[in-house]
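# Fold and contact review
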Amino acid sequence: TWAFQNLVLSDPLLFRSDLLKQVQLNQDFYYLAELKLMSKKYGLNVNQLLDIHLGTELIAAYYPNYSVLKHTGYISMIVVQQAEEFEKKIQNLQKNFKEIKYKEYSIKTFPIRKMMYLCGGEPFKELDSKFYVFIEDRLILSSDVSDLKRYIDDYTSDQLFKNKESFQNYISRLNDQY
């Protein structure tokens, strides 16, 4: 069973603008230091990257055995606009990125350690991002490869379940009732 923290953004640009105002108002020096680090380390303007690519949803999902101290047991997810372009930009930041093939997906190293925090602020502050995988338009992040593999397993088994005729018949009958 998963526990979710989900932010649905009707207007990602307005959300980012309000978040940056709140960061300034609260003098969140840690947030500003992360932005500065990404700029200095990679020459990356994170705000510009997010303004272009941030979609309408930010999600953190926790497994029953998650540990913020050990940075395991959770994944975070961002709906991304122009996912292929975003991924190219991320790969260009890294001289040597590692890639692990799992099922039909590629799990890769992710350079922006505090991506969720930079996207969504304080609620996501403790979530580190060391690895990522793209599934459709969703950027799934985690600090542990095994958590991404678990998510992929759950996702693919859910897709298999949805394709079963018995499930489709059940949904069809359910829809006919309402």
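Scroll up to find the structure.
### Observations concerning helix α3 (residues 46–53)
All of the buried residues in α3 are Val46, Asn47, Leu49, Leu50 and His53. Here the buried residues of α3 occupy an arc of 160° about the axis, which is enough to place them on one side. At the N-terminal boundary of α3, the capping side chain belongs to Asn45, with an oxygen 3.1 Å from the backbone nitrogen of Asn47.

### Regarding the pairing of strand β5 (residues 105–109)
Most of β5 sits out of view: 5 of its 5 residues are buried. Bridge analysis of strand β4 (residues 99–102) against β5 gives 4 bridges, and the strand direction is antiparallel. Looking across to β5, one finds that Ile100 is bridged to Ile107. Hairpin remark: β4 followed by β5, antiparallel, with 2 residues in the connecting loop; positive phi at Lys103, about 55°. For β5 and strand β6 (residues 131–135), the ladder comprises 2 bridges, and the chain directions are antiparallel. Opposite Lys108, over in β6, you have Tyr132 as the bridge partner.

### Let's talk about the pattern of salt bridges
A full pass over the atoms with the stated rule returns 8 salt bridges. Taking the shortest distance from any N to any O, the salt bridge between Glu85 and Lys89 comes out at 3.1 Å. In this pair, Glu85 and Lys89 both sit in helix α4 (residues 83–93), 4 residues apart, roughly one turn of the helix. For Lys89, a relative accessible area of 29% puts it in the partly exposed group. A salt bridge links Lys114 to Asp128, with the nearest nitrogen and oxygen atoms 2.8 Å apart. With Lys114 in the loop between β5 and α5 (115–120) and Asp128 in the loop between α5 and β6, this pair connects stretches of sequence that are 14 residues apart. Asp128 carries the same exposure label as Lys114, and that label is buried. One salt-bridge network, held together by shared partners, links Glu34, Arg113, Lys114 and Asp128.

Rules of the game
Residues numbered from 1 in each chain as written. Predicted model: local features only at pLDDT ≥ 70, side-chain atom pairs only at ≥ 80, totals over all residues. Heavy atoms only, no water. Buried < 20%, exposed > 50% of the residue type's maximum accessible area, 1.4 Å probe, protein only. Helix = DSSP H or I, 4+ residues; strand = E, 2+ residues; numbered from the N terminus. Arc of directions from axis to C-beta. Polar contact = N/O pair within 3.5 Å; in protein donor to acceptor, adjacent residues only side chain to side chain. Pairing = 2+ DSSP bridges. Salt bridge = Lys/Arg side-chain N within 4 Å of Asp/Glu carboxyl O.

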